[in-house]
Amino acid sequence: MGLGVRWTLHGDGRTPAPGAVVRPDERLSWPRTVGLGAQHVVAMFGASFVAPVLMGLDPNLAIMMSGVATILFLLATRGRIPSYLGCSLSFVGVAAIIRAQGGGSAAVTGAIFVVGGVLLLSGLAVRRFGARVIHAAMPPVVTGAVVMLIGFNLAPVTATVYWPQDQWTALLTMLFTGLAVVCLRGFWSRVAIFLGLVFGYALSWILDRLFGKIHSVHGGTQAVDHWRLDLSGVSKADWIGLPSLHTPSFGWSATLVALPVVIALIAENAGHVKAVGEMTGDPLDDQLGTAISADGAATMLSTAVGGPANTTYSENIGVMAATRVYSTAAYWAAAGFALLFGVCPKFGAVVAAVPGGVLGGITVILYGMIGLLGAQIWVHNKVDLRNPLNLVPVAAGIIIGIGGVSLKFGKNFELSGIALGTLVVLTGYHALRALAPAHLKRQEPLLDEGTSGYDSVVEDDSKSTHS
């Protein structure tokens, strides 16, 4: 297939044939392909724009580098795995911890750069030795626990930073987003987070017009009078311009906080590759190592210039399942749109102006969903938590990770939160497994099913498509 940049026209170029799908090396007409690319950009809007805002990074640079990362991924996988690489939410908690320790944006991106390097090496190891090498070290009971503590560790950020800025806007935004996730169907359910942002944005503007400024904590520790929605930065921003860049800086403490996220990213990629292979009918197990290493390389490239990590997006999996179009040409179009948005500072200023109360309502659901994806890994892989071999290290690690338990070594080195929780789960599981009696040991699956229930998504979308 070469670099995967040549596509044959599917049927008449208008719609997929009955019962057929548009394969990765096929395309519809170019106008329809470009339209699908725009749809993919909208699908990743919610999470991909929330992530840099929550991490304190430039939204314009984030969206630009997501386009670059997508192009790199498509070239590395030679067009066999249709994917959009958006900004990873797995590092939001990492960024919060690093900033609480006094680190700035350079320290955040430096820590994530190292994670990207480890992810790249992990992908190369999978290519060389197969998926067994990953899942022997990180069975589903471990990956599920780490994903869970990464999500739930973020709870204090919502409770102490965003929600108090405007509790009523946060509450109404949470309710609207929850209704959108549950009640909407097809494409609209995939962009529920984005719809929640739009609702909260509009609600904040209306409340400002009706009631004036709000008195609450805003950007500090003291309550002050401020507008819920401050658009002063939008009027000052240019229409065209390059985003701000910065180089990463490196430190041991920040790196140790970020490293556990590697486990979550590997699980995400495994689930993504498995899902795409099943939907397209093209087994892609041989591409898992390539996908993981491409994700790592894309993250290193993004963070090298000051952007966030990038990872495969389940939102876009949903769009493909609903449309039955898996053409990588649509993702090239999506990447093009992302690059254009990246050079529009005014657009980035609109994103950066999202009110804190709105983020409070969104993150209540979003952070909880990230944590519960860990439980979903356990369910998919039938992890038995009645078995003390699984229960003990998971119980200890999750409480340590969520509660912020710390372990100090001398005056200048400390392990806590996500890093310490992951270490306890990982080393505790393998140590106990080595010592446990035979009847407690069970064969773990070689390849977990990732972090999303893609099979049920495909089935539901298939039913709605044919009804």
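Note that the coordinates shown come from a computational prediction; the quantities given were computed from them, not determined experimentally.

**As for the pattern of salt bridges**
In the structure shown here, the tally under the stated rule is 4 salt bridges. One salt bridge in this structure joins R228 and D166, with 3.2 Å as the shortest N-O distance. Placement of R228 in the loop between β5 (223-226) and α11 (232-236) and of D166 in the loop between α7 (155-162) and α8 (167-183) is noted, with a sequence separation of 62 residues between them. Considered together, R228 and D166 belong to a single accessibility category, that of buried residues. Within the structure, one salt-bridge network assembled from shared partners comprises D166, D208 and R228.

**Focus: unusual backbone geometry**
Backbone geometry at R78 places phi at a positive 55 degrees, although glycine is not the residue there. Structurally, the position occupied by R78 is in the loop between α2 (59-76) and β3 (85-87). Residue classification places R78 among the partly exposed positions, given a relative accessible area of 45%. Its identity is not glycine, yet K382 carries a phi of approximately 55 degrees, on the positive side. Checked against the element boundaries, K382 lands in the loop between α18 (356-380) and α19 (388-403). With relative accessibility at 74%, the residue K382 sits in the exposed group.

**With respect to the side chain of T312**
Examined against the element boundaries, T312 turns out to sit in strand β6 (residues 310-312). For T312, a relative accessible area of 8% translates into the label buried.

**Focus: α2**
Relative to the 26 Å expected for 18 residues at 1.5 Å per residue, α2 spans 25 Å between its end C-alpha atoms, a close match to the ideal helical length. Judged by how many residues are buried, α2 sits mostly within the fold: 13 of 18 residues are covered. Between the side-chain oxygen at the start of α2 and the backbone nitrogen of N60 there is a gap of 2.9 Å, and the oxygen is on D58. Directly after α2, the chain includes R78, whose backbone phi takes a positive value near 55 degrees.

**A look at the environment of S83**
Relative to the assigned elements, S83 resides in the loop between α2 and β3. Since its relative accessible area comes to 0%, S83 is described here as buried. On a C-alpha basis, the gap between S83 and W332 in space is 9.7 Å, while along the polypeptide they are 249 residues apart. If sequence neighbours within four positions are ignored, S83 has contacts with T70, F73, L74, H272, T312 and Y331.

**What to know about helix α10 (residues 192-211)**
End to end, α10 covers 28 Å across 20 residues, agreeing with the expected 28 Å (1.5 Å per residue, within 8%). Where α10 is concerned, the buried positions are A192, I193, L195, G196, L197, G200, Y201, L203, S204, L207 and D208. In the stretch just after α10, G212 is the one whose phi turns positive, near 75 degrees.

**A few points about the environment of V198**
Inspection of the secondary structure puts V198 in helix α10. C-alpha separation for the pair V198 and T173, spaced 25 residues apart in sequence, amounts to 9.4 Å.

So, how was this worked out
- Residues numbered from 1 in each chain as written.
- Predicted model: local features only at pLDDT ≥ 70, side-chain atom pairs only at ≥ 80, totals over all residues.
- Heavy atoms only, no water.
- Salt bridge = Lys/Arg side-chain N within 4 Å of Asp/Glu carboxyl O.
- Helix = DSSP H or I, 4+ residues; strand = E, 2+ residues; numbered from the N terminus.
- Buried < 20%, exposed > 50% of the residue type's maximum accessible area, 1.4 Å probe, protein only.
- Expected span 1.5 Å × (residues − 1).
- Polar contact = N/O pair within 3.5 Å; in protein donor to acceptor, adjacent residues only side chain to side chain.
- Contact = heavy atoms within 4.5 Å.

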